[in-house]
Every structure is written in C-alpha cells, then in structure tokens.
Amino acid sequence: MDYAATLLSRLPGASRRDHGLRNLIASLESYLPPGQISMIMQAYEFGAAAHAGQRRKTGEAYISHPVAVAQNLAEMHLDAQAIAAAILHDVVEDTDASLDDVEEKFGAEIAQLVDGVSKLDQIQFRSRAEAQAESFRKMMLAMIGDIRVILVKLADRLHNMKTLDAMPAEKRTRIARETLDIYAPIANRLGINRMKVELQDLGFRYLYPMRYRVLDRALRKSKGSQRQIVKRISEEFSKTLSDEGIEGDIVGREKHLYSIYKKMAEKRRTLRDIVDVYGFRIIVDDVGNCYKVLGLVHGLYKPVPGRFKDYIAIPRVNGYQSLHTTLFGPKGLPLEIQIRTREMDRVAESGVASHWQYKADDPADATPQRRAREWLANLDELQRSGTSEEFLESVKVDLFPDRIYVFTPKGDIMPLPKGATTVDFAYAVHTDIGNRCVAAKIDRGLVPLRTPLENGQSVEIITGRGAKPNPNWLTFVRTAKARTAIRQYMKQMRSSESIDLGKRLLDRTLKDLGSSLRKVGKVRMKAALEELGLKETSDLFEQHGLGERLAPLTARFLLGINAEGVAETSKASLVIAGTEGMVVSYAKCCYPIPGDDVMGYLSSGRGVVIHRNCCGNLINFRKQPEKWIAISWEKDIDIEFASQIQTDTQNRPGVLAEVAATIADCGSNIEQVEVLGRHEDCSVLSFLLQVRDRTHLAQIMRNVRNMKNVIRVSRDCA
Ligand code: MN
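Residues numbered from 1 in each chain as written. Predicted model: local features only at pLDDT ≥ 70, side-chain atom pairs only at ≥ 80, totals over all residues. Heavy atoms only, no water.

This brings us to the packing of helix H23 (residues 517-532) against helix H24 (residues 537-545). Two elements in contact, H23 and H24, have axes separated by 10 Å at closest approach and are oriented at 90 degrees. Comparing the axis directions of H23 and H24 gives the class roughly perpendicular. Packed against H23, whose contacting residues are Leu 517, Met 525, Leu 529 and Leu 532, the element H24 presents Thr 537, Leu 540 and Phe 541 at the interface. (Axes fitted to C-alpha atoms, helices over the stretch in contact; angles between N-to-C directions. Helix = DSSP H or I, 4+ residues; strand = E, 2+ residues; numbered from the N terminus. Parallel < 35°, antiparallel > 145°, perpendicular 65-115°, else oblique. Contact = heavy atoms within 4.5 Å.)

Structure follows, in structure tokens:
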C-alpha cells in the first residue's frame, strides 16, 4: 500500500474514492517530508470536521473546496504552512471553529495566515471605477503582512472561478468582473503567470460568454491545422541545439484566449493576425546558453528587426526574465521565441510564489519576515544588475506600503497615510465634514476621534450642527489637508473673536454715553452701515475688534453726537508682520514702539499683546512658552505709539513747562505727566508721549537731556 493510501485509510472522515484528497497527498509527497504532510493531514481532519454537513453550490462536500485550493498551491510547491492555511482558510469565517482553536492546534503562523485570508474576505469591492479597482488592489496588498495570504486568496478565487457554473447568472457576471479587475492584475503584479492566465481566461469566459465561445472555437480549429508546423519547427530547433551540445526543452506555446481578445480589442488586429503567430519557448540550463541559443535560432531563420528584447539583462517590473525574439519562419510565418533558464521559467510561472516554495535545505522555522527580506534582497540584486528602478519601488510600495486604504460609508476607497486618524479621514472626504465632525464610527462602533485607522475599515463621521474644529486636533492629525483646514478655521475663529470683542467695546462705550446697541436699534444701525459703506453689523464690530475703528467715535456717530470724524482706518493691524486678522494691542507695562525688540503674547480675550523683550512680564514666557510668539515690526509704519520716559529735573519753577515745550518741539504730543517723586532739590517726572518710533524717541530724549535743568532722562529697561 502506498503512503497516500495509508494516510487515507487512517483518516476517519476521508473516503478512499476522494480523488481531491488523493491527488493532494500525491502532490505533497513529491516535495514535502512525511512529517509535514501528516501535519497537513491533521489540518484536513480539523477542516473536514468543521465543515461537516456543509455543501458547495456544486453539491460536493464543502471540504472539497479547500482541498482544491491547497492542491493548486501544492502544484507550486508552496511550504507546508501555506498548504495547511489553504485547507483551513474558510473555517473561521464559515464554521464554529475559532481562530484560537486554529492557533492552539496548528500554531501562530498558520493561524495568522488563516486570519489574513478571512480579513481579505471581509472587505468588499463595491464600485467599478478603474481608479477604485487600482486602490482596491493596493488595499488588498497593503493588508497582507505575509505574501502567502494573497497566494491562498488567489488560489481560492481560482477554484471559485472554476466552479462558477453553479452560481446564478447575475452573480457569475459580478464575480467574473471582479476577477478581471482585481485578482488577475494582482497575480500579474506578483508575477504569478500561471494563475494570472487562468484567472483571466475564466473571467473572460463568464463575463463575455459569447465572445469566449467564438474565439475558443476559432482557436481550436487553427490549432489543429498548426500542429504539423509546430512539430516540424520544434524538431528543427531540437536538432540544432543537440548539434551544438546544448541541452534544452522546446515547447510550442499555448495562446490564451483573454490575451488574444485583448490584443484584438486594443490593437485592432484580426484574429487571423494573432493566431497565425507561432510561439515557442526554449528552456536551457544557464544564462550563457540562452544567448548561445539566441544566436543559433537567428542563424536558422532571419529575425524580424526591432523585435528582440533582452529581459534577462533588464527584467520586467514583476521580475520576469527571458530573451524574446521574432523570426521569419518557413513561408514567412512569424515565430515568436522565448529563451530562458529553468530558474527563470519557474519565476515566470510562479513569480513571488517561487520564493515561498518549499526547499528541503531550508530550516523549517524560516519566518515569513526572513523570507520577505530574502525576496527583497533578491529583487535588490536584480535591481543592481540593471532592473528599472520602478520595479523595486513599486514592489516596495505595494508590499510595504506607507499608505492605508479605508472605505467611506458609500463604499468608495479613501487612501490615507499610515497613522491617519478619523479626523484626517473626515477632512479627506470634505473640509466641511472635518470642520463639523464630533464623533466617528469604525466598522459601526463609536471610537474617539484621535483613533488611527487601519486598512479595510469602514469609517463613518458624525457631524454636529455648529460644531467646530478643536485646536487640539493639531496634535494628532497626519494629513496636510486636515492641518491646513484646522489652522484656517482657527484664523476665522479669531475673526469671530474680533467681532465679539468689537461688539462688546462698542456696546460698553454706548452705555458710557447712556445708550446701548439695543437702544440704537436696527433702523439707525442700518442707516449708519450704509453711510460707512459696510454691509453687516458684524463687519462694523470686527473693525472695532481689530482696532480699525475707535469705539468712542463710532458710538457718537451712531447717537448723532458730533457726527463728523468717524475714525479713519488706523491700520493698527498692519503694524506687526504676520498678525493680519488678529487683534493686536500694545502692553501698557513697557510701551513698545517700532524698532524695539518685541515678543507677542497670545491672550485669549485680547488677541496678541506686544511686549518689549526687556519687559518684566516676559518672565511668564518661561511658564507658558506656547503662548508667546516671535514677531517683528512691519517696515513702513506711519502711525504713532504711546511711549513713556522718565526725567530727573532740578526743582526750579517752570521746569515742567520747559520740558513739555522741548518734547512738543520734537513733534510729539504729551498725553500724560505724572510726578513720581519729589525730593529736596530734584523731581522725578514720568511723561506718556506719542512717538513714531525708536529714532523719534531717541531724538526727544537727547533734546531733553541737553536741557540745563534736566539731570537724567531714561526709558524703562531700555
Ligand atoms: Mn474559499
């Protein structure tokens, strides 16, 4: 009794006539050691028990499906973990067995693979747009940490396609389209040619049954008539190779329906043009022989100019390597020749999968990470040997992505940078959604707004009427769009703060005059706005808040007192660079003037308050550095500022008047004089005066200092 039969006889649930299982065991025996096969058989027992009683639409026991999936991977010689995961790939989703059960029985690695496949099953492809399909493919690749997950998934899809007849017509079309849009391109991306070709042909067959049938019939017919020619040319090549002592296999290449169909559709060629081309593949032992054989076939038949491609020196983006050439064959028939080594052929058929194939000399504990690294290192070598940079880059982007892909409630896919939160998502959907978001749901569960998103999640944003962005969001958002939008909003908020402030200022001034905004009334206000050339009361308030109008003047204007001389725009907000739209005021403790070194303090009620760097209040800077901003003066400022100087003068009659006259001579107004101290023969006076800038003040101080009765002039901390 052979090994397969022994195993079968030991499996309680398995029937001796179970061809699927029998074939699988035979395939596994060809490359795996017995210990690993019996582990896979345990997985089979577990899966068969879990799926017991379930049937496929085809009527077969459900377990036949995972076995077929495993069979496909066994034909690619994938390692035992991948095969076991293939057998168990539906148990977590479709049976009572849990992921913990799988992990307990088969270990973390297999459990992780099963989990990965289940997660891929959960994401749904909903829209048909091309860009959407591209994003979806990227999302799938981004979701898998282990390439074997996608291999199981592709094999799963392949078997489902093979049994698609059992499905209702409408479902067939949807699945076929998804296969062509998503799965075949992924297989292609990863260089798994054998799967790509099958997925494409099956997808084509179910999406366009009529076209498929017509093409299939035509191709069969031409194959029959070509058989003789193919045989003759193969023998010719064979003889030439053996004459030169080169060992090689020559195969007539199969043409695939979908690629023929696409060529006809895209290049507008007739079926005849395409099928009348004969394809051959010559497989030899080493690279040197590839080029030797190229020379030999070029000697046999003339090459078609411009058709030679050296994909050995410069591999294709999915790692494919081969020499391609086209010859004028007998009677001018075009012959398409591919020449490559056995290793290249293996890679051409299995692509990425070839790096997860079982190797007897491999330590059994090779981790997926290590293999991924090896694979990348391998690509790196290809790269150095002249592969286009694009290759490595695209592969890295696909398999080690820095982006994640999530769903909107409508099923659209939204790409975001890794680490993006629900707030980033909200702003990516629309700025308004971001500005008004109050809560978020991930996969229907409420989460805090700062929650980072993961691939494949469905995200829903809950907005609130009148909700506004929180400056605190800036600490966790990742996207520039969110950050910019929040900052922009904060700026607008400042404008609304200015409106509030202006309104309060005006109302208070009106009250001082025995009135109020309410008492002024809408009619008068409307007329006043018209006269001032303003549209809204909020504009008027804002101008006050920004210091562009003076409340006492406007109040008088509104009340009809001294109606002339409404404040000109004072340009106060243009004095400090970068404070456009902010309320700016000047600290009364240090009286900064243009030319002084200054800092701005962000005060919640009063906008930015400007202090001199030497001001004692800057001690607070150390306590709340986040509230202090670096600022500088604008260049051309033509308004006046309050400044303060102190003088020590001799106690002589008329001294005060003399000093005041000197200051006035310098073009400055004195707003206030205070006597700070009076000693026996000396007085300390403080002047609050109007100056343009530091130069102006310096000139005043110099002139005052030069006066006969003045002992000292100083400015605080100057
Ligand atoms: Mn399945």
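So, next bit.
It is worth spelling out the pattern of salt bridges at this point. In this structure the tally under the stated criterion is 25 salt bridges. For Lys 262, the salt bridge is made with Glu 266, and the minimal N-O distance between the two is 3.7 Å. Of this pair, Lys 262 and Glu 266 both sit in helix H14 (residues 257-267), four residues apart, which is roughly one turn of that helix. The partly exposed category is assigned to Lys 262, whose relative accessible area is 34%. (Salt bridge = Lys/Arg side-chain N within 4 Å of Asp/Glu carboxyl O. Buried < 20%, exposed > 50% of the residue type's maximum accessible area, 1.4 Å probe, protein only.)

With that out of the way, let us pick up the coordination of the manganese ion. At the metal site, the manganese ion is ligated by His 65 (NE2), His 89 (NE2), Asp 90 (OD) and Asp 156 (OD), and these contacts range over 2.2 to 2.4 Å. In terms of primary sequence, the donors binding the manganese ion are separated according to H-x23-H-D-x65-D. Note that His 89 is positioned in the loop between helix H5 (80-87) and helix H6 (91-94) and Asp 156 in helix H10 (residues 147-162), a separation of 67 residues in sequence. Asp 156 sits in the buried class, given a relative accessible area of 4%. (Donors = N, O, S within 2.8 Å, 3.2 Å for Na, K, Ca; no water.)

Tallied over the full model, the rule gives one cavity of 30 Å³ or more. Every residue lining the largest cavity is listed: Cys 589, Cys 590, Tyr 591, Arg 612, Gln 644, Arg 715 and Asp 716. For the lining of the largest cavity, the per-class residue count stands at three nonpolar, one polar and three charged. (1 Å grid on protein atoms, 1.4 Å probe; cavity = no way out; pocket = protein on both sides within 12 Å on 5 of 7 lines; lining within 4 Å. Points joined across faces, edges and corners; volume = space filled by probe spheres on them. Nonpolar A, V, L, I, M, F, W, Y, C, P; charged D, E, K, R; others polar.)

In space, the four strands of this open sheet follow the order E16-E17-E15-E18, with antiparallel pairing throughout. Each edge of the sheet is formed by a strand with only one pairing partner; in this case those strands are strand E16 (670-678) and strand E18 (710-714). Pairs of neighbouring strands in the sheet enclose a mean axial angle of 20 degrees, with direction left out of account. The pairing of strand E15 (residues 641-650) with strand E17 (residues 682-691) spans ten bridges and is antiparallel. Across the sheet, Ser 643 pairs through a bridge with Leu 689, a residue of E17. Contacts from helix H28 (residues 694-705) reach E15, E17 and E18 within the one sheet, and its direction differs from that of E18 by about 165 degrees. (Pairing = 2+ DSSP bridges.)

It is worth spelling out the state of the cysteines at this point. Under the definition given, this model contains zero disulfides. Here Cys 589 stays unpaired: no disulfide links it, and the sulfur of Cys 615, its closest cysteine neighbor, is 3.5 Å away. Given the relative accessible area of 34%, Cys 589 is considered partly exposed. (Disulfide = S-S within 2.5 Å.)

Mapped onto the elements, Asp 345 comes out in helix H17 (residues 342-350). You can call Asp 345 buried: its relative accessible area is 16%. Filtering out sequence-adjacent residues up to four positions away, Asp 345 remains in contact with Arg 281, Ile 283 and Arg 340.

Ring pairs (aromatic) are described by centroid distance and by the angle formed between their planes. Going through the model one piece at a time under the given rule, you end up with twelve aromatic pairs. Here the aromatic rings of Tyr 208 and Tyr 261 are separated by 5.8 Å at their centres, their planes lie at 40 degrees, and the arrangement is tilted. Of this pair, Tyr 208 sits in the loop between helix H12 (193-207) and helix H13 (209-243) while Tyr 261 sits in helix H14, and the two are 53 residues apart along the sequence. The partly exposed category is assigned to Tyr 208, whose relative accessible area is 26%. On the accessibility criterion, Tyr 261 (17% relative accessible area) is buried. With 5.7 Å between their ring centres and 90 degrees between their planes, Phe 237 and Phe 280 make a pair best called edge-to-face. Taken together, the residues span a long stretch of sequence, with Phe 237 in helix H13 and Phe 280 in strand E2 (residues 278-284) at a distance of 43 residues. Since its relative accessible area comes to 0%, Phe 280 is described here as buried. Here the aromatic cluster, defined as three or more aromatic residues joined through ring pairs, consists of Phe 204, Tyr 208, Tyr 212, Tyr 258 and Tyr 261. Lying across the ring of Tyr 62, Arg 56 places its NZ or CZ 5.8 Å from the centre. (Phe/Tyr/Trp six-rings, centres within 6.5 Å; stacked < 30°, edge-to-face > 60°. Lys NZ or Arg CZ within 6 Å of the ring centre and 35° of its normal.)

The next thing to look at is the side chain of Thr 479. Along the polypeptide, Thr 479 turns up in the loop between strand E10 (459-463) and helix H22 (480-512). Residue class for Thr 479 comes out buried when judged on its relative accessible area of 12%. In this structure, Thr 479 is in contact with Leu 416, Pro 417 and Asp 424, ignoring residues within four places of it in sequence.

Moving on, we get to the confidence of the model for the chain. For the chain, per-residue confidence averages 81 on the pLDDT scale, and residues scoring 70 or more make up 82% of the total. Predicted confidence for residues 562-574 stays below pLDDT 50, and this span has 23 contacts to residues more than four positions away or in other chains. (pLDDT = per-residue confidence, 0-100.)

Leu 28 and Leu 73 are the most contacted members of the largest nonpolar core, which totals 82 residues. Here the element with the most residues in this core is H10; it accounts for nine residues. Ile 631, Cys 666, Phe 687 and Val 713 belong to the second largest nonpolar core, which has 26 residues in total. (Core = buried A, V, L, I, M, F, W, Y, C linked by side-chain atoms within 4.5 Å.)

A few words now on the sheet that holds strand E9 (residues 445-447). In space, the three strands of this open sheet follow the order E9-E8-E10, with antiparallel pairing throughout. This sheet does not close on itself; its edge strands, each paired only once, are E9 and E10. Along the sheet, successive strands turn relative to each other by an average axial angle of 35 degrees, direction set aside. As defined by bridge partners, strand E8 (residues 437-442) adjoins E9 across three bridges and the pair is classed as antiparallel. Among the inter-strand pairings, Ile 442 is bridged to a residue of E9, identified as Gly 445.

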